[in-house]
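# What the coordinates show
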Amino acid sequence: MQPSDMQPSKIWTAFGVSDEDARERVKVRREETVPEGHPGHEGRLDIVVRFGDVALLVIEVKLVEAEEADSAKQRGYSLWVADQLQPHKHKVMLVRDAAEQDCGGFPPLRWDDLCIALRSIAVRHIRDKRTLMAAVILAFVGAVEQNLLGLRRQLPFSNVRLAEHLEKFLKE
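The rules we used
Residues numbered from 1 in each chain as written. Predicted model: local features only at pLDDT ≥ 70, side-chain atom pairs only at ≥ 80, totals over all residues. Heavy atoms only, no water. Helix = DSSP H or I, 4+ residues; strand = E, 2+ residues; numbered from the N terminus. Rg over C-alpha atoms; globule rule 2.2 N^0.38 Å. Buried < 20%, exposed > 50% of the residue type's maximum accessible area, 1.4 Å probe, protein only. Lys, Arg positive; Asp, Glu negative; His and termini not counted. Charge placed at Lys NZ, Arg CZ, Asp CG, Glu CD. Pairing = 2+ DSSP bridges. Right-handed = clockwise from strand over helix to strand, strands pointing away. Patch = residues over 30% accessible without salt bridge, like charges linked within 9 Å, V, L, I, M, F, W, Y side chains within 5 Å. Areas by Shrake-Rupley, 256 points an atom, 1.4 Å probe, with all protein chains shown as cover. Salt bridge = Lys/Arg side-chain N within 4 Å of Asp/Glu carboxyl O. Contact = heavy atoms within 4.5 Å. Phe/Tyr/Trp six-rings, centres within 6.5 Å; stacked < 30°, edge-to-face > 60°. Axes fitted to C-alpha atoms, helices over the stretch in contact; angles between N-to-C directions. Parallel < 35°, antiparallel > 145°, perpendicular 65-115°, else oblique. Left-handed = near helix turned anticlockwise from the far one by under 90°.

Summing up its helical and strand segments, the protein chain has six helices and five strands in all. Each helix (α) and strand (β) of the protein chain, taken in turn from the N terminus, gives the series α-α-β-β-β-α-β-β-α-α-α. A compact globule built from 172 residues would reach a C-alpha radius of gyration of about 16 Å, and the protein chain, at 17 Å, matches this within 12%. Put simply, the protein chain has 172 residues, and 42% of those count as buried. Counting 25 positive and 27 negative side-chain charges, the protein chain places the centres of these two groups 6 Å from one another.

Next comes the structure, spelled out in structure tokens:
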């Protein structure tokens, strides 16, 4: 396997990071402490991805719908993001569903939309003969689709939600 086979840069496009920014050296931190989450309290960001001095991606991971999530702390998190030096800043709140397009300054990204985007990225990796990266992506997608989204194959094949989800992928 060549080092280029493991280039994950295309994955970041699913979160709104440009290919150009994603070429920078990537540093990922989990549970990064910031001065303010809820007013008057420090907070912890779920995932912070730095692309050198060029771009920043903050991912807040929620296993519920946006309206059920505790999004009051996102306002404090947004202040921290604004203070960072990287010129390109991206924030996203991964949620099961969202009626609103803003969750305390974090645009929602539905888990099913992320899975569709990652499936498309995996197809590109397969076309480029990067099958190991495609397999890793699809393993993650399958785990999310089955365990979080409840999209399981049922016999006889009657899972309408699964069929609709896969149809959405095929239309991409």
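Once that is clear, we can look at the pairing of strand 4 (residues 88-95). The side chains of a regular strand alternate, residue by residue, between the two faces of the sheet. In this sheet, strand 4 lies alongside strand 3 (residues 55-61) in parallel orientation, the contact comprising seven bridges. What sits directly across from Ala 55, in strand 4, is His 88. In this fold, strand 3 hands off to helix 3 (residues 73-83), which returns the chain to strand 4; that crossover is right-handed. Looking at chain direction, strand 4 and strand 5 (residues 108-110) are connected through three bridges and run parallel. Following the sheet pairing, Leu 94 is matched in strand 5 by Leu 109.

Moving on, we get to a negative patch on the surface. Among the surface-exposed residues, Glu 65, Glu 67, Glu 68, Glu 100 and Asp 102 lie close enough to one another that they form a single negatively charged patch. Along the chain, Glu 65 falls in the loop between strand 3 and helix 3.

On to the pattern of salt bridges. All chains considered together, the criterion is met by eight salt bridges. In this structure, the salt-bridge partner of Arg 110 is Asp 97, at a minimum N-O distance of 3.0 Å. A residue pair is termed long-range when its members are at least 10 positions apart, and Arg 110 in strand 5 and Asp 97 in the loop between strand 4 and strand 5 qualify at 13 residues. Salt bridges here are not isolated pairs; linked through shared partners, they connect Asp 97, Arg 110, Asp 112 and Asp 113.

Now for the environment of Ala 72. When you line up the elements, Ala 72 lands in the loop between strand 3 and helix 3. Measuring from C-alpha to C-alpha, the distance between Ala 72 and Val 48 comes to 19 Å, with 24 residues separating the pair along the chain. With sequence-adjacent residues up to four places away left out, Ala 72 is seen in contact with Gly 37 and His 38.

Tallied over the entire structure, the rule returns two aromatic pairs. A ring pair is formed by Trp 12 and Phe 15, whose centres lie 6.3 Å apart and whose planes are at 45°; its orientation type is tilted. Each member of the pair, Trp 12 together with Phe 15, is buried. Seen from their ring centres, Trp 12 and Phe 51 are 5.4 Å apart, and the 80° between their planes marks the pair as edge-to-face. Pair noted here: Trp 12 is in helix 1 (residues 9-13) and Phe 51 is in strand 2 (residues 43-51), with a separation of 39 residues, a long-range link.

It is the contact of helix 4 (residues 111-127) with helix 5 (residues 131-148), at a shortest axis distance of 9 Å, that shows an interaxial angle of 160°. Taken as axis vectors, helix 4 and helix 5 run roughly antiparallel relative to one another. Where helix 4 crosses over helix 5, the handedness of that crossing is left-handed. Residues Trp 111, Cys 115, Leu 118, Arg 119, Ile 121, Ala 122, His 125 and Ile 126 of helix 4 form the contact with helix 5, whose participating residues are Thr 131, Met 133, Ala 134, Ile 137, Leu 138, Phe 140, Val 141, Val 144, Glu 145 and Leu 148.

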